[in-house]
Amino acid sequence: MMNTVLIRDLVQHQAVEIKTGPFGTQLKASEYVKHGTPVLNVRNLGFSSVNADKLEMVGDETLERLSAHKLQTGDIVFGRKGAVERHAYISENENGWMQGSDCIRLRVKTASINSRYLSYFFLTPQHRAFMISMCSHGTTMASLNQKIIEMISVPMPDRKVQDKIVAILSLIDEKAKNNREINDNLEQQAQALFQELFIENADPEWREGTISDLGTVVGGSTPSKSKPEYYTEHGIAWITPKDLSVNKSKFITHGENDITELGLKNSSASIMPEGTVLFSSRAPIGYIAIAAGEVTTNQGFKSVIPRPAIGTPFVYYFLKNALPTIEGMASGSTFKEVSGSTMKIVPAFIPDDETLARFTEFCSPIFEQQQMLERQNQSLATLRDSLLPKLMSGEIDVSAIQL
């Protein structure tokens, strides 16, 4: 058995430091600026990673005043509210960012601990279950504090073993990172051609129409949750906006849950073909993905099945480009939503067949490679998740491995 240690003991021996973010009175919303140093808030925490969407910024004066909350490479940041099982490992890219008010920072202060090793441990199912159970008692929203962090028990081999575990898992992560970078580059190429063909050099004689001219708009439905026979682990793919919030891939085959033939029959959900562009129409508006197989969705989507002459690539980038317009057409008092009737009348331009064919021909190999790399990353994630608990428990002995 591998020796374990409480974070509390590491704090007492000054091996690690725990620090809560600045109080709300210290960092006011009025101090955020358009251009400056990013602030890491709870919504920016992934699973050992940083989600850079919707980052807030502060100016140099605020950063200097709150310099005690500047992040360093190797810091581990938790959220105080909500998704307490998530955390971010601060890489060189985020060095110097500021810790947000809704976060707690853990900083390693000794050479005997590899902070990346701790971050990997925090990904284990054992740890994530512990955090959820400890932070959810008697509250509507899970809440984390320093005392709970100090109660975390971590398997702690010597530094050489930690480094080997990190090296093994980092090889997998580095390959996945390289794949994402390739996909990002391919995405920029496709977006650049869309911009060139359809925005900068748009033909004024192209016909004006609506999204209905680009494809068939299809809504979704949720089979009754009180009928367990309507749901299964392996059945008809059923996608929700939550699935797209978790899975940031461009292509999607399945969500967290599938539905059965009986569930499909007893709801108004429709099976849509591969190549359908999924568009979340509420909570929030604007998650976009491409169906990599036959799928259904819940009512939080107004998806578009592209007309053959139009093609999936054009519909996909058109929806991305038209998102501000679509959001402006949304209605609702509690939360904004785009209805099916509204989605159908969103203004659209209809390019000529030759230009559309040229764009589809350019995008087809790009989409194939992106989808292949995303599948590869899913396999890498499965491999890492299977190795992680075995490495951390000592079930896999790394002492003799040469790296």
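Above this text sits the structure in question.
All figures in this text were calculated on a predicted structure; none of them were measured in a lab. (Residues numbered from 1 in each chain as written. Predicted model: local features only at pLDDT ≥ 70, side-chain atom pairs only at ≥ 80, totals over all residues. Heavy atoms only, no water.)

Draft legend 1. Molecular detail of the pattern of salt bridges. A full pass over the atoms with the stated rule returns 11 salt bridges. Residue Arg43 pairs with Glu56 through a salt bridge whose shortest N-O separation is 3.4 Å. On the criterion of sequence distance, the pair formed by Arg43 in the loop between β4 (37-40) and β5 (56-58) and Glu56 in strand β5 is long-range, its members being 13 residues apart. For Arg116, the salt bridge identified is with Asp173, shortest N-O distance 3.8 Å. On the criterion of sequence distance, the pair formed by Arg116 in helix α3 (residues 115-121) and Asp173 in helix α6 (residues 159-200) is long-range, its members being 57 residues apart. Under the relative-accessibility criterion, Arg116 is labelled buried at 16%. Looking at Asp173, the relative accessible area reads 18%, which means it is buried. Taken together, the salt bridges that share partners define one network made up of Arg116, Asp173 and Arg384. (Salt bridge = Lys/Arg side-chain N within 4 Å of Asp/Glu carboxyl O. Helix = DSSP H or I, 4+ residues; strand = E, 2+ residues; numbered from the N terminus. Buried < 20%, exposed > 50% of the residue type's maximum accessible area, 1.4 Å probe, protein only.)

Draft legend 2. Quick look at the layout of surface pockets. Of the voids in this model, the second largest pocket is the one considered here, and its volume is about 200 Å³. Forming the boundary of the second largest pocket are 13 residues, of which Phe251, Ile290, Thr312, Phe367 and Gln371 lie nearest the centre. Contributing elements (two or more residues each) for the lining of the second largest pocket: β18 (285-291), α10 (312-328) and α12 (353-393). Among the elements that make up the lining of the second largest pocket, the one with the highest residue count is α12 (five residues). Counted by class, the lining of the second largest pocket contains six nonpolar, five polar and two charged residues. (1 Å grid on protein atoms, 1.4 Å probe; cavity = no way out; pocket = protein on both sides within 12 Å on 5 of 7 lines; lining within 4 Å. Points joined across faces, edges and corners; volume = space filled by probe spheres on them. Nonpolar A, V, L, I, M, F, W, Y, C, P; charged D, E, K, R; others polar.)

Draft legend 3. Looking closely at the nonpolar core. If you look at the biggest cluster of nonpolar residues, it comprises 40 residues, and the most contacted ones within it are Phe314, Phe318 and Leu319. Elements with a contribution of two residues or more to this core: α6, α7 (211-214), β17 (277-281), β18, α10, β21 (347-350) and α12. Examining the composition of this core, we find that nine residues originate from one element, α10, more than from any other. Ignoring sequence-local partners within four residues, the contact set of Leu319 consists of Ile211, Val277, Phe279, Ile288, Val304, Ile326 and Met343. Counting 39 residues, the second-largest nonpolar core is a separate cluster that includes Met2, Ile7, Ile18 and Phe122. (Core = buried A, V, L, I, M, F, W, Y, C linked by side-chain atoms within 4.5 Å. Contact = heavy atoms within 4.5 Å.)

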